[in-house]
Amino acid sequence: MLGIRRERIEAYLHELGQDFCTDVTNADASMTRNWLRHELLPQLRVRFGTRVDLSLTRLSEQAAEMESAMVMLADPLLDQALLQTQTNTVRLHVGGFVDQPRHLVRTVFVQLWQRQRWPRQSMGFEEWDRLTEIAIKGGAGNFPGNIDARRTTERLMILRRKSF
């Protein structure tokens, strides 16, 4: 829907005889998505022209393509690294991560969280990057969702502690 302007959607609905409604929260600029739409995008259009929307849409599409490629590369790397998988414990052989691009290793961990059905909402770039650093260089750390990671030699153990 990023590439379709609101006016075009409203015109299409009008042709169908379909009503549309505006969610009152759409005007609330305290919400990031609305601030981007109502404040930042108009400023970008003034500075760079109306084609900035097209450029941002293309950039978004390219990012989605790159993410898809990363997932395709990450899945076999994760499969090779897995030593043991249980509901709350994962053991990985991380020697193969050392020569890989950091972004790929971060994607491996995102895929692992998805497979394990662990919560990802509180895991941001810094957390994924810190986990990648531990996997590549060693160390230990605590992560959102009561998850601990510790690397010993070429193995990484990730443990999800039960919440009480």
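Residues numbered from 1 in each chain as written. Predicted model: local features only at pLDDT ≥ 70, side-chain atom pairs only at ≥ 80, totals over all residues. Heavy atoms only, no water.

**Some words on the pairing of strand β5 (residues 155-160)**
Turning to step 1, where the next piece is worked out: Two elements, strand β2 (residues 89-93) and β5, share five bridges in a ladder whose sense is antiparallel. Bridging across to β5, T89 finds its partner in L159.
Turning to step 2, where the next piece is worked out: Judged from the six bridges that link them, strand β4 (residues 147-152) and β5 form a sheet pairing that is antiparallel. By the bridge assignment, R151 is partnered in β5 with L156.
Turning to step 3, where the next piece is worked out: Linkage of β4 to β5, two consecutive antiparallel strands, is achieved through a turn of two residues, within which T153 is found at a positive phi near 45°. (Pairing = 2+ DSSP bridges. Helix = DSSP H or I, 4+ residues; strand = E, 2+ residues; numbered from the N terminus.)

**Describing the side chain of N34**
Turning to step 1, where the next piece is worked out: Looking at where N34 falls in the secondary structure, it is placed in helix α2 (residues 32-48).
Turning to step 2, where the next piece is worked out: A polar atom in the side chain of N34 sits 3.0 Å from the backbone oxygen of D28.
Turning to step 3, where the next piece is worked out: One polar contact links N34 to R37, side chain to side chain, over a distance of 2.4 Å.
Turning to step 4, where the next piece is worked out: Not counting chain neighbours up to four residues away, the residues in contact with N34 comprise T25, N26, A27, D28, A29 and E39. (Polar contact = N/O pair within 3.5 Å; in protein donor to acceptor, adjacent residues only side chain to side chain. Contact = heavy atoms within 4.5 Å.)

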